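Chain and residue survey
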Amino acid sequence: MTVEELIVLGKKYTSSTHAKMLLAILLEVNPLELLTILDKIVEEDKVNLYKKSLKALSENRPIQYVIGHVNFYGLKFKVNENVLIPRFETEELVENIKNYLEKKNIINPKILDLGCGSGVIGLTLKHFFPNSLVTLVDISKDALKVAESNAKTLGLDVNFIKSDWFSNVPLSKYDVIVSNPPYIMTDEEIEEIVKNNEPAIALYGGSDGLDCYRSILKYINKYLKDDYLIAFEIGYLEGEKLKELIKETIPNSRVTIKKDLSAKDRMLFVEKNID
Ligand code: GLN
């Protein structure tokens with residue numbers, strides 16, 4: 001079949017944009033370039049893979065899982081059903097940490113990423129701070145496999161620990177502790193495509209969404225350097241309540257809640273109070 005025929009076929013299963021995106025990835029070209037090769041005959045194995053992927057898309061599977069990778073902060077990460085699909089908001093979280101480290105001029109930070117999933121946060125930071133010491137933690141063996149594979153492909157040397165939050169993390173002091181834990185409230189309405197495809201273990205954070213932060217906060221004091229940054233991604237309704245929890249757990253801290261690009265509270269940062 002030709003590229004043109006495949007695009008026509010694709011539109012029967014999914015949107016024109018997704019069909020072209022899929023085909024472009026399979027043919028390793030830019031989606032715009034497809035239009036310049038409409039008459040090209042596509043090899044049979046690629047056609048079969050394309051048809052299989054179209055079927056998955058028509059069954060409402062997320063395109064990121066069907067394609068098998070995503071772009072995060074300019075880096076290519078493998079993803080599958082064992083990990084959350086990275087969100088733009090998490091790129092903002094990473095950007096804030098990057099700005100903090102640059103402002104403080106810390107070139108060899110010790111960073112702990114709790115609940116790393118595919119590894120996007122910890123690995124992106126390692127990419128930008130090659131002299132950093134980064135440890136990625138997850139309770140899921142299958143998620144760690146994805147993160148390990150991403151570290152290998154990106155050529156990044158980091159540590160991995162299978163652990164339920166701090167339970168298996170050896171005592172050591174960190175400059176940055178970051179986490180995008182499961183924070184969706186049990187009763188919260190979320191998109192069907194998310195609910196039906198992404199791992200529940202990476203999404204739900206108990207009745208008020210804060211269970212995982214509670215588990216993290218229980219031991220966090222022992223793992224912080226004197227000067228530190230805690231960076232949490234949060235649910236958009238959870239900032240104020242989490243701020244209170246933090247004030248109880250970490251006296252003398254300064255808490256800042258930041259909005260994402262959709263103007264929703266999405267990040268919470270904790271630093272030592274210097275006043
Ligand atoms: N931001 C994700 C969503 O809205 C949830 C991520 C998380 O729970 N950490 O689907």
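Reference entry: report on the structure contained in this document. Just so it is clear, the model here is predicted, and its values are computed rather than measured.

**Section: the overall build of the protein chain**
When helices and strands are counted, the protein chain shows 10 helices and nine strands. Expected size for 275 residues packed as a compact globule is a radius of gyration near 19 Å; at 21 Å, the protein chain falls within 12% of this value. Seen along its three principal axes, the alpha-carbon backbone of the protein chain occupies a region of about 65 × 40 × 35 Å. Across the 275 residues in the protein chain, those meeting the buried criterion constitute 51%. Considering only residue pairs separated by 6 or more positions, the protein chain has 63% of its internal contacts joining residues 24 or more positions apart. In the form shown here, the protein chain has an accessible surface area of approximately 13,900 Å², with 51% of it arising from carbon and sulfur atoms.

**Considering the pairing of strand β6 (residues 174-179)**
By the criterion of burial, β6 is predominantly enclosed, with six of the six residues buried. Across five bridges, β6 lies against strand β7 (residues 224-233) in parallel orientation. Each residue of the ladder has a partner; that of valine 178, found in β7, is alanine 231.

**Digging into the site of the ligand**
In the neighbourhood of the ligand, the contacting residues comprise Leu84, Arg87, Asn180, Pro181, Pro182, Tyr183, Ile184, Val194, Ala202, Leu203 and Glu233. Here an oxygen atom of the ligand sits 2.7 Å away from a polar atom, N or O, in the side chain of arginine 87. Within the backbone of proline 181, an N or O atom sits 2.7 Å from a nitrogen atom of the ligand. Summarising the interface, the protein chains cover 87% of the accessible area of the ligand, which totals 300 Å² for the free molecule.

**Considering the environment of glutamine 64**
Counting through the fold element by element, glutamine 64 comes out in helix α4 (residues 63-67). For glutamine 64, the contacting residues outside a window of four places in its chain are His69, Val70, Val79 and Ile85.

**Considering the sheet that holds strand β8 (residues 253-259)**
Strand order across the open sheet formed by seven strands is β5-β4-β3-β6-β7-β9-β8, with mixed pairing between neighbours. This sheet does not close on itself; its edge strands, each paired only once, are β5 (159-162) and β8. Each neighbouring strand pair of the sheet contributes to a mean axis angle of 15°, computed without reference to strand direction. Both β7 and strand β9 (residues 265-272) contribute to a ladder of five bridges, which runs antiparallel. Each bridged residue has a counterpart across the sheet, and for phenylalanine 232 the counterpart in β9 is leucine 268. Across the sheet, helix α5 (residues 88-104) touches β3 (110-114), β6, β7, β8 and β9, and the angle it forms with β7 is around 160°.

**What to know about α5**
Taking 1.5 Å per residue as the helical rise, α5 with its 17 residues ought to reach 24 Å, and the 25 Å between its terminal C-alpha atoms agrees with that figure. Directly beyond the C-terminal end of α5, a positive phi value near 60° is found at asparagine 105.

**Observations concerning the pattern of salt bridges**
Inspection of every chain in the model, using the stated rule, returns 16 salt bridges. A salt bridge links glutamate 198 to arginine 87; the shortest N-O distance between them is 3.1 Å. Here glutamate 198, found in the loop between α8 (192-197) and α9 (211-220), pairs with arginine 87, found in the loop between β2 (75-78) and α5; they are 111 residues apart in sequence, far enough to count as distant. Overall, the relative accessible area of 6% leaves glutamate 198 in the buried class. Note on arginine 87: relative accessible area 24%, which makes it partly exposed. Between arginine 254 and glutamate 271 there is a salt bridge; the shortest N-O distance is 3.8 Å. Placement of the pair is arginine 254 in strand β8 and glutamate 271 in strand β9, with a sequence separation of 17 residues.

**Some points on the environment of isoleucine 193**
Positionally, isoleucine 193 belongs in helix α8. We classify isoleucine 193 as partly exposed; its relative accessible area is 35%. Separated by 79 residues in the primary sequence, isoleucine 193 and lysine 272 place their C-alpha atoms 40 Å from one another.

**Brief notes about unusual backbone geometry**
Its identity as a non-glycine residue notwithstanding, tyrosine 73 has a phi of 50°, on the positive side. Checked against the element boundaries, tyrosine 73 lands in the loop between β1 (69-72) and β2. Of note, tryptophan 165 is a non-glycine position whose phi angle comes to about 50°, a positive value. For tryptophan 165, the position within the fold is in the loop between β5 and β6. A residue is classified by how much of its surface remains accessible, and tryptophan 165, at 14% relative accessible area, is buried.

Parameters at a glance
- Residues numbered from 1 in each chain as written.
- Predicted model: local features only at pLDDT ≥ 70, side-chain atom pairs only at ≥ 80, totals over all residues.
- Heavy atoms only, no water.
- Helix = DSSP H or I, 4+ residues; strand = E, 2+ residues; numbered from the N terminus.
- Rg over C-alpha atoms; globule rule 2.2 N^0.38 Å.
- Buried < 20%, exposed > 50% of the residue type's maximum accessible area, 1.4 Å probe, protein only.
- Contact = heavy atoms within 4.5 Å.
- Areas by Shrake-Rupley, 256 points an atom, 1.4 Å probe, with all protein chains shown as cover.
- Pairing = 2+ DSSP bridges.
- Near = heavy atom within 4 Å.
- Polar contact = N/O pair within 3.5 Å; in protein donor to acceptor, adjacent residues only side chain to side chain.
- Axes fitted to C-alpha atoms, helices over the stretch in contact; angles between N-to-C directions.
- Expected span 1.5 Å × (residues − 1).
- Salt bridge = Lys/Arg side-chain N within 4 Å of Asp/Glu carboxyl O.

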